[in-house]
Amino acid sequence: MVNLEWYRTFKAVYKNGNFSVAAKELFMSQPAVSQQISMLEAHVGNKLFNRKSKGVEPTDYAKLLNNLIIDALDRLENVETTFRAKAEDATRLISVGISKHLFSSVGSSLISKFDLIDFTFTDNDSLFALVDAKKLDFAIVTKKFDTFDTIQELVGRIKLVMVAPIKMDVTEFRQKLKSDNFTEAELWLNEQKWYCHDARIPHIKLFWLHAFNKKRPSMVPNYIIPSEYEMLEMLSKNSGIAITWNCNARKFVKENKLQLLWNSFHVPEVEVYLLARKNNGSKTLFDKIVSELQLSLRNA
């Protein structure tokens with residue numbers, strides 16, 4: 001089977017007379033260049049280069065091979081260069097990873113700006129692994145990863161807030177908060193129906209830790225809906241309470257479907273980042289996505 005990369009590597013070594021220089025030109029490691037030349041030699045059944053004190057020297061068969069392939073390889077590379085230039089100018093497919101619980105409010109802002117996006121839903125650590133393995137172009141994460149091969153840009157801050165349906169009477173709860181009666185306020189909350197996106201209630205636990213200084217809330221969620229947007233949609237049509245990111249609650253509050261029940265100043269903000277690999281050739285695209293996300297999260 002013909003492997004065009006072998007011939008591309010052969011051309012670079014033949015032209016430069018040096019494996020190291022060829023490797024730099026091809027953005028490859030020197031061992032990778034040596035391996036490809038060895039595989040090509042095994043494929044054609046002849047030795048192609050003899051090592052010298054400084055570089056390598058092509059054999060007679062290498063000279064013959066170069067004469068046979070150089071015109072065809074140059075034409076192929078010209079076609080590739082032209083196609084790549086056109087593709088860069090046109091809209092390209094990008095892959096973006098994000099938590100499914102942030103997608104409706106954060107990820108959806110990208111849809112109005114980009115025509116082709118392949119979204120992946122998973123957690124922060126999995127998103128980092130996919131970007132690091134070059135399986136995702138970008139990821140929107142709520143965790144800082146300090147590595148040499150990736151870059152991160154802060155795009156905004158979000159916060160957990162407590163919401164309830166607009167028709168729900170929460171006067172009693174607000175009075176307890178106003179008088180700083182947190183014990184009674186917690187008891188009132190424990191008597192309500194609760195909605196959550198996860199049976200492990202991570203958002204509720206985090207809110208309780210900072211608002212009440214307790215690691216284990218007493219309530220048990222009545223309804224577990226594994227999507228924050230759908231959870232809030234159901235909550236807005238019924239009765240109960242939920243804790244969600246303020247960027248998700250914003251649309252429902254603005255449309256008068258939910259009311260902001262408690263925005264505790266004890267609950268800290270969480271930073272949101274755009275993550276990508278370094279030198280992935282998409283710096284302009286990275287900056288554009290950063291701008292869109294910053295605009296989306298500015299009023300969260």
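Residues numbered from 1 in each chain as written. Predicted model: local features only at pLDDT ≥ 70, side-chain atom pairs only at ≥ 80, totals over all residues. Heavy atoms only, no water.

Segmentation of the protein into domains returns domain 1 (4-88), domain 2 (94-157 + 270-299) and domain 3 (158-269). A straight line from the C-alpha centre of domain 2 to that of domain 3 covers 27 Å. Contacts between the two partners involve 15 residues from domain 2 and, on the opposite side, 12 residues from domain 3. Considering only the side of domain 2, the residues that lose the most area to domain 3 are His 101, Arg 157 and Val 270, jointly responsible for 50% of the buried surface there. Counting across the interface, domain 2 meets domain 3 through 0 salt bridges. The interface formed by domain 2 and domain 3 contains 6 residue pairs in polar contact (both at pLDDT 80 or more). Broken down by secondary-structure element, the contributors of at least two residues to the side of domain 2 that touches domain 3 are α5 (100-111), β6 (150-158), β12 (270-277) and α12 (283-297). It is α5 that contributes the most residues to the side of domain 2 that touches domain 3, 6 residues altogether. Residues belonging to the side of domain 2 that touches domain 3 are distributed by class as follows: 5 nonpolar, 7 polar and 3 charged. (Domains from an automatic or database assignment. Contact = heavy atoms within 4.5 Å. Buried area = accessible area lost by both parts, 1.4 Å probe. Salt bridge = Lys/Arg side-chain N within 4 Å of Asp/Glu carboxyl O. Polar contact = N/O pair within 3.5 Å; in protein donor to acceptor, adjacent residues only side chain to side chain. Helix = DSSP H or I, 4+ residues; strand = E, 2+ residues; numbered from the N terminus. Nonpolar A, V, L, I, M, F, W, Y, C, P; charged D, E, K, R; others polar.)

Moving on: the side chain of Lys 176. Note on placement: Lys 176 falls in helix α7 (residues 171-178). Looking at Lys 176, the relative accessible area reads 15%, which means it is buried. Ignoring any residue separated from it by four or fewer positions in sequence, one finds Lys 176 in contact with Asn 181, Glu 184, Ala 185 and Trp 188. (Buried < 20%, exposed > 50% of the residue type's maximum accessible area, 1.4 Å probe, protein only.)

At a minimum axis distance of 10 Å, the contact between helix α10 (residues 228-236) and helix α11 (residues 246-254) shows a crossing angle of 35°. Viewed along their axes, α10 and α11 form a crossing whose handedness is right-handed. Along its contact with α10, which presents Glu 228, Tyr 229, Leu 232, Glu 233 and Ser 236, the element α11 presents Asn 248, Ala 249, Lys 251 and Phe 252. Counted by class, the contact of α10 with α11 contains 4 nonpolar, 2 polar and 3 charged residues. (Axes fitted to C-alpha atoms, helices over the stretch in contact; angles between N-to-C directions. Left-handed = near helix turned anticlockwise from the far one by under 90°.)

A few words now on the confidence of the model for the protein. When pLDDT is averaged across the protein, the result is 89; 94% of the residues are at 70 or more. Mean pLDDT values over the elements of the protein span from 73, in helix α4 (residues 60-89), up to 98, in strand β7 (residues 160-165). (pLDDT = per-residue confidence, 0-100.)

Before going further, it helps to examine unusual backbone geometry. Positive phi outside glycine occurs at Lys 134, with the angle close to 65°. Residue classification places Lys 134 among the exposed residues on the basis of a relative accessible area of 64%. One non-glycine residue with positive phi stands out, namely Asp 180, at about 60°. Along the chain, Asp 180 turns up in the loop between α7 and α8 (182-190).

Here we take up the sheet that holds β7. Paired through their backbone hydrogen bonds, the strands of a sheet run either parallel or antiparallel. Strands sit in the order β9-β8-β10-β7-β11 across an open sheet of 5 strands; the sheet is mixed. The sheet is open, and its two edges are formed by β9 (223-224) and β11 (258-262), each paired on a single side. Two strands pair when backbone bridges link them, and strand β8 (residues 194-196) and strand β10 (residues 241-245) are joined in this way by 2 bridges, in the parallel orientation. By the bridge assignment, Tyr 195 is partnered in β10 with Ala 242. Against the sheet, α7 contacts β7 and β11, and its axis sits at roughly 30° relative to β11. (Pairing = 2+ DSSP bridges.)

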